[in-house]
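# Descriptive analysis of the structure
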Amino acid sequence: MTLKNLFLTVLFASFVSFATAQDTKWDIDKSHSSITFKVSHFKIATVKGNFDDFSGSIQSSGDDFSEGSTDITIKTASINTNQEDRDKHLRSADFFNAEAHPEITFKNTSFSKVSDNNYTVKGDLTINGITKPFEFAGTFKGSFVHPRFKKTIGVFEFTGTLPRLDYNIGTKFPTAALGGDVDVAISLEMTKA
């Protein structure tokens, strides 16, 4: 075998290995998923909310998500705290500036197994046009075959703490009035493609 043929063989094998390493795609079922948050209000109360419109998927090697990849997009204007005036304010330039930055995105850079079905997911989170590294703790809750649709459904949960001032969210409001850290919880019910 010539050196050129050896190189091509190794290159092809690497390509096949990479392709099969990402051979399972899980599409988010928005109707059974949620992206929620909570933040302290004057240190003793809590404001809770969610984003109603989002999409994305996770790719993995089989049911093992080690070295997997995820890509999630959230429509900023879909923020919902069940209070119309507050939601309008949250969409304004004082907070999420939804008109100028209509999407919040997260793309992982690593997806590492910690133990059993627990993972650390690191990536780039973009809010308000600002991109910074962000880390989620993730747990794969398991999977089942839907009795009606005969499709495999998996459930993944992620949690993280967002320092809002790093993304220019509510900079006019001191942390004594509005907590500096926002707790984020994502529950995804996904269909295996």
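Note that the structure is a prediction, hence the values are computed from the model and not measured.

### A few points about empty space enclosed by the protein
Any empty space left between atoms is shown by rolling a water-sized probe over those atoms. Across all of its chains, the model carries one cavity of 30 Å³ or more by this definition. In this structure, the largest cavity occupies an estimated 40 Å³ of space. Together, Thr 70, Ile 72, Phe 106, Val 121, Phe 136, Phe 158 and Ile 186 line the largest cavity.

### Some thoughts on the side chain of Asp 87
Along the chain, Asp 87 turns up in helix H2 (residues 84-91). It turns out Asp 87 is buried and unbridged, and the closest side chain with the opposite charge, Arg 91, is 4.6 Å from it. A polar contact of 2.5 Å, which involves the side chain of Asp 87, links it to the side chain of Thr 81. The contact partners of Asp 87, leaving out residues within four places of it in the chain, are Ile 79, Asn 80, Thr 81 and Asn 82.

### Brief notes about the pairing of strand E8 (residues 118-127)
Relative to E8, strand E7 (residues 103-115) runs antiparallel, the two being bridged by nine bridges. Within E8, the residue paired with Lys 107 across the bridge is Asp 124. In terms of strand pairing, E8 meets strand E9 (residues 130-145) through 10 bridges, oriented antiparallel. In the strand pairing of E9, Asp 124 is matched with Pro 133. Hairpin connection between E8 and E9: a loop of two residues separates the two successive antiparallel strands, and Asn 128 in this loop has a positive phi of roughly 60°.

### Focus: the side chain of Glu 189
Locating Glu 189 in the fold gives a position in strand E11 (residues 181-192). One buried charged residue, Glu 189, remains without a salt bridge, the closest side chain of opposite sign being Arg 148 at 12 Å. Beyond its immediate sequence surroundings of up to four residues, Glu 189 is in contact with Asp 27, Ile 28, Asp 29, His 32, Ser 33, Ile 153, Gly 154 and Val 155.

### Focus: the pattern of salt bridges
A complete count under the given rule lists five salt bridges for this structure. Between Lys 25 and Asp 27 there is a salt bridge, and its shortest N-O distance comes to 3.6 Å. By relative accessible area, Lys 25 is classed as partly exposed at 35%. Its relative accessible area of 30% is what places Asp 27 among the partly exposed residues. Notably, a salt bridge pairs Lys 75 with Glu 103, separated by 2.8 Å at the nearest N-O pair. Linking Lys 75 in strand E5 (residues 64-75) with Glu 103 in strand E7, this pair joins segments that are 28 residues apart in sequence. Relative accessible area serves as the criterion here: at 36%, Glu 103 is assigned to the partly exposed category.

Quick notes on the rules
- Residues numbered from 1 in each chain as written.
- Predicted model: local features only at pLDDT ≥ 70, side-chain atom pairs only at ≥ 80, totals over all residues.
- Heavy atoms only, no water.
- 1 Å grid on protein atoms, 1.4 Å probe; cavity = no way out; pocket = protein on both sides within 12 Å on 5 of 7 lines; lining within 4 Å.
- Points joined across faces, edges and corners; volume = space filled by probe spheres on them.
- Helix = DSSP H or I, 4+ residues; strand = E, 2+ residues; numbered from the N terminus.
- Buried < 20%, exposed > 50% of the residue type's maximum accessible area, 1.4 Å probe, protein only.
- Lys, Arg positive; Asp, Glu negative; His and termini not counted.
- Salt bridge = Lys/Arg side-chain N within 4 Å of Asp/Glu carboxyl O.
- Polar contact = N/O pair within 3.5 Å; in protein donor to acceptor, adjacent residues only side chain to side chain.
- Contact = heavy atoms within 4.5 Å.
- Pairing = 2+ DSSP bridges.

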